[in-house]
Amino acid sequence: MVNKWTAIVLTGAIAFTLAACRNEEREQGLAAATRDKEAAAATAETSYKSMYSSSVFLGDSITEGLSFHGMLDDKNVMGKAGATAMFALEDVDDLAGRNPKHVFIQLGSDDLLWPTDNPKQFSLANYAKLIGKIKEKLPKAKITILSVTPVTAEAEKSEPRYKNIADYNQGLKELAAKEKVGFTDVSPIFAAHPDLHDTDGIHMKAEYYTQLLKLLQDHVK
């Protein structure tokens, strides 16, 4: 009987030890995977900062997220809360002083809310002036207009004017063709990654900016 109980105890001890070892190996594996993921993210951020070192993103608070989340350096981002195409006209001298090779413009989220009879027409008229002024100051720079980012259904319900985003983006696409500048539709990002909005349903989580820079990388290579 003694030998039997001894065998049972030893078997249990061995099983416990093996389980502990497996748990420790699993925890080590998870920790290593986390470190690898963090290292990959840091490498990607460094890579994007280098890739877009001769670019400037001009826009509103959504654009501001590029520097807020550390994706790009401040010198490469000109994003202001409440910015519109009309207000951005005042920033062209600052933009020219940075002498970028590529200018990405993403405005419109606030233009759609402008208190005028026809916000779209008013905004696009100022957008055209903005492009013309940038061309004048930076004749060699490549300009790309980015479409306005979508909002969640809840945000659209709270602010019905956001229903005009699709129509406004069509206007931007036509404007880009008329002005002979680039146009990039960012909506495929949201089709592939539906959970990118922050809690307000308007602004974006950090992952959006990773996907945005990935989408635009062919423009700067």
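As the structure is a prediction and not an experimental result, all values here were calculated from the model. Sequence order sets the numbering: in each chain, residues are counted from 1 along the sequence as written. Local features in a predicted model are, by the rule used here, given only for residues with pLDDT of at least 70; side-chain atom pairs are given and counted only at 80 or more, and totals for whole chains, interfaces and linings are based on all residues. Side-chain metrics rest on all non-hydrogen atoms present in the structure, leaving aside hydrogens and water.

**Some points on the overall build of the chain**
What counts as a helix is a DSSP run of H or I of at least four residues, what counts as a strand is a run of E of at least two, and both are numbered from the N terminus. From N to C terminus, the chain includes nine helices and five strands. A simple rule labels every residue: compare its accessible area, found with a 1.4 Å probe on the protein chains alone, to the largest value its type can have, and call it buried under 20%, exposed over 50%, or partly exposed in between. Out of the 221 residues belonging to the chain, those deemed buried represent 38%. Throughout, a contact is declared for two residues whenever any of their heavy atoms are within 4.5 Å. Of the contacts made within the chain by residues no fewer than 6 positions apart, 68% connect residues no fewer than 24 positions apart. Counting every atom, the chain has about 12,600 Å² of accessible surface; 55% of that belongs to carbon and sulfur. Each accessible area is a Shrake-Rupley estimate made with a 1.4 Å probe; only the visible protein chains count as cover when residues are assessed.

**Quick word on the nonpolar core**
Among buried residues, those of type Ala, Val, Leu, Ile, Met, Phe, Trp, Tyr and Cys that are joined through side-chain atoms within 4.5 Å constitute a nonpolar core. Ranked by internal contacts, the top residues of the largest apolar core, which has 33 residues, are I105, Y127, L130 and I134. Where this core is concerned, the elements lending two or more residues are β1 (55-59), α3 (85-88), α4 (92-98), β3 (102-106), α5 (119-137), β4 (142-146) and α7 (165-179). If near-sequence neighbours (up to four positions away) are discounted, I134 is found in contact with L58, V92, L95, V103, I105, P139 and I143.

**Here we look at unusual backbone geometry**
In the Ramachandran plot, N99 falls in the positive-phi region, its phi being about 50° despite a non-glycine side chain. Considering the arrangement of structural elements, one finds N99 in the loop between α4 and β3. Judged by relative accessible area, which is 57%, N99 ranks as exposed. A positive phi is found at K180, a non-glycine position, where the angle reads about 60°. By the element assignment, K180 lies in the loop between α7 and β5 (182-184).

**Things to note about the packing of α5 against α7**
Two elements in contact, α5 and α7, have axes separated by 11 Å at closest approach and are oriented at 35°. Relative to α7, α5 is oriented so that their crossing is right-handed. The segment α5 lies against α7, with K120, S123, L124, Y127, A128, I131 and K135 engaging D167, Y168, G171, L172, L175 and E179. Side-chain classes are defined by residue name, with Ala, Val, Leu, Ile, Met, Phe, Trp, Tyr, Cys and Pro counting as nonpolar, Asp, Glu, Lys and Arg as charged, and the others, Gly among them, as polar. When its residues are assigned to classes, the contact of α5 with α7 shows seven nonpolar, two polar and four charged. The convention used is that axes are lines fitted to C-alpha atoms, helices contributing only their stretch in contact, and that angles between N-to-C directions extend from 0 to 180 degrees. Two helices that cross are described as forming a left-handed crossing if the nearer one is turned anticlockwise from the farther one by less than a right angle, and a right-handed crossing if clockwise.

**Brief notes about the packing of aromatic side chains**
Side-chain rings of Phe, Tyr and Trp, where Trp is taken by its six-membered ring, are said to pair if the distance between their centres is within 6.5 Å; with planes under 30 degrees apart they count as stacked, over 60 as edge-to-face, and otherwise as tilted. Taken as a whole and judged by the stated rule, the model has eight aromatic pairs. With a centroid separation of 5.7 Å and 55° between ring planes, the pair formed by Y52 and F57 is classed as tilted. An identical accessibility class is assigned to Y52 and F57; each is buried. Summarising the aromatic geometry, the rings of Y208 and Y209 are spaced 4.9 Å apart at their centres and angled 75° between planes, so their arrangement reads as edge-to-face. For Y208, a relative accessible area of 0% translates into the label buried. Among the aromatic residues, those joined into a ring-pair cluster are Y48, Y52, F57 and F104.

**Focus on the environment of D74**
Its place among the elements puts D74 in the loop between α2 (61-68) and β2 (77-79). Relative accessible area serves as the criterion here: at 57%, D74 is assigned to the exposed category. Between the C-alpha atoms of D74 and V56, which are 18 residues apart in sequence, the distance is 9.4 Å. Apart from residues lying up to four places away in sequence, D74 is in contact with S67 and R98.

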